[in-house]
Amino acid sequence: MEKYIGIMSGTSLDGIDAVLVATDGERVTLLARTGSPFEPGLRRRLLALAGGDAVTARQWGELDAELGQAYAAVTLQLLHESGHSAEHIRAIGCHGQTVWHQPAGPLPFSLQLGDGNRLAADTGIIAINDFRRKDMALGGQGAPLVPAFHQRVLGGVDHVRILVNIGGIANITVLAPDQPVLGFDVGPGNMLMDLWARRHLGQPYDNNAAFALQGRVDTALLNRLLAEPWLALPAPKSTGRELFSEAWLNARLPVEIKPADVQATLAEFTATAIANEVDKWPAGELLVCGGGGHNPLLMQRLAALLPNWRVDTSNSAGVDMDAMEAMAFAWLAHQTMHNLPGNLPEVTGARRPAILGAIHLPG
Ligand SMILES: Nc1ncnc2c1ncn2[C@@H]1O[C@H](COP(=O)(O)OP(=O)(O)OP(=O)(O)O)[C@@H](O)[C@H]1O
Ligand SMILES: CC(=O)N[C@H]1[C@@H]2OC[C@@H](O2)[C@@H](O)[C@@H]1O[C@H](C)C(=O)O
């Protein structure tokens, strides 16, 4: 078994998750995990950039360098906490910070910031990043990439098992006997709920859904949100803040509505968009991972909307719900180091499987 580090900072923009795993490509064992929230100023600048604000080349470059430094600091923290040093680690798989994802149109691209050169130089470990653009160069969406990992660690069961990652965006992976793996983004995860909590509570998220639980679902608003045409598009598909933005929400809000009712409606919207996709499959097991699995209201609504499904977190199947995505990028680094493909063309729509990522050597 070789040791890899995986680093994820997702579309919630909450901070950085890092894991140390041992893997031979087939089995993936979590050895250690750490994390670091973004410092508020950095988070604010990332939110502005991901919201489409204009930035100068200088601001852009500085953010790239600052994130590279932040990823290196988390890596050193993980090594320290787990009693490892650089020479124990074969490579780091670093997702980077998505600041723009544009899978359609004449010039599709997906941009993740966080300088891999700096990460390699500051840690002395091979750093792999930019995992999405090879798949896009081959006509794919570049996302989601995690389904291949889900299949590896949670596949091979005799019933329908669906994984749903509820991060900023929600994406599902369908693992069914004798069927190719399917996976696609289903809509917003915590993104809109977080936005509303920031606006009305001044907090990064609605902790344990306390605010949403004070409100009532507004059916008219819920139906307006669910009428978004993107939700009905067939897979392959992926999305992000570019679509589910503050402007998108504002355009659908009625003039008069209680803030708590909006929060309750956004939670219901997130759960319904997920349940509508899951419900297209014969009932089985729905396993939740990502931060949304800590939201009791989301979990309760998913269970209520899918009465014939066993709804639980991925912890119940032996994979830490909070470590899943970072573990996936550690595994993707393994794939790259062994010249193995990381994407699933049936998921992303790419013309073929491909070796993903840009490799930065520390020497
Ligand atoms: N106790 C809790 N109550 C409510 N929501 C929670 C709780 N804990 C975490 N969350 C939600 O989880 C979010 C973080 O999720 P996660 O870390 O999976 O996001 P991410 O890494 O940015 O995801 P992705 O890359 O999939 O978009 C928070 O912003 C918050 O909305
Ligand atoms: C472009 C981008 O960063 N997409 C993320 C985002 O967050 C969740 C969902 O949208 C998923 O498609 C993807 O992340 C995971 C890690 C993936 O590629 O599977």
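Residues numbered from 1 in each chain as written. Chains lettered and ligands numbered in written order. Predicted model: local features only at pLDDT ≥ 70, side-chain atom pairs only at ≥ 80, totals over all residues. Heavy atoms only, no water.

### What about the site of ligand 1?
Next up, step 1: Lining the immediate surroundings of ligand 1 are 22 residues, of which Thr11, Ser12, Gly168, Asp194 and Gly291 lie closest.
Next up, step 2: For ligand 1, a nitrogen atom lies 3.3 Å from a polar atom in the side chain of Asn207.
Next up, step 3: At 2.9 Å from a nitrogen atom of ligand 1 is found a main-chain nitrogen or oxygen belonging to Asn208.
Next up, step 4: Contact with the protein chains covers 89% of the free accessible surface of ligand 1, which is 650 Å².
Next up, step 5: When its residues are assigned to classes, the shell around ligand 1 shows 4 nonpolar, 14 polar and 4 charged.
Next up, step 6: Both domain 1 (2–142 + 322–360) and domain 2 (146–317) contribute no fewer than three residues apiece to the shell around ligand 1. (Near = heavy atom within 4 Å. Polar contact = N/O pair within 3.5 Å; in protein donor to acceptor, adjacent residues only side chain to side chain. Areas by Shrake-Rupley, 256 points an atom, 1.4 Å probe, with all protein chains shown as cover. Nonpolar A, V, L, I, M, F, W, Y, C, P; charged D, E, K, R; others polar. Domains from an automatic or database assignment.)

### Here's the deal with the domain arrangement of the protein
Next up, step 1: Structurally, the protein comprises domain 1 (2–142 + 322–360) and domain 2 (146–317).
Next up, step 2: Across the contact, 27 residues belong to domain 1 and 31 residues belong to domain 2.
Next up, step 3: Interface of domain 1 and domain 2: buried area, both sides summed, is about 2,400 Å²; carbon and sulfur atoms make up 59% of it.
Next up, step 4: In this assembly, domain 1 and domain 2 are joined by 1 salt bridge.
Next up, step 5: The partner of Glu26 in a salt bridge is Arg152, with the nearest N and O atoms 3.3 Å apart.
Next up, step 6: Connecting domain 1 to domain 2 are 11 residue pairs in polar contact (both at pLDDT 80 or more).
Next up, step 7: Every element with two or more residues in the side of domain 1 that touches domain 2 is listed here: α1 (40–50), β4 (91–102), α11 (324–337) and α12 (345–348).
Next up, step 8: Residue composition of the side of domain 1 that touches domain 2, by class: 14 nonpolar, 8 polar and 5 charged. (Contact = heavy atoms within 4.5 Å. Buried area = accessible area lost by both parts, 1.4 Å probe. Salt bridge = Lys/Arg side-chain N within 4 Å of Asp/Glu carboxyl O. Helix = DSSP H or I, 4+ residues; strand = E, 2+ residues; numbered from the N terminus.)

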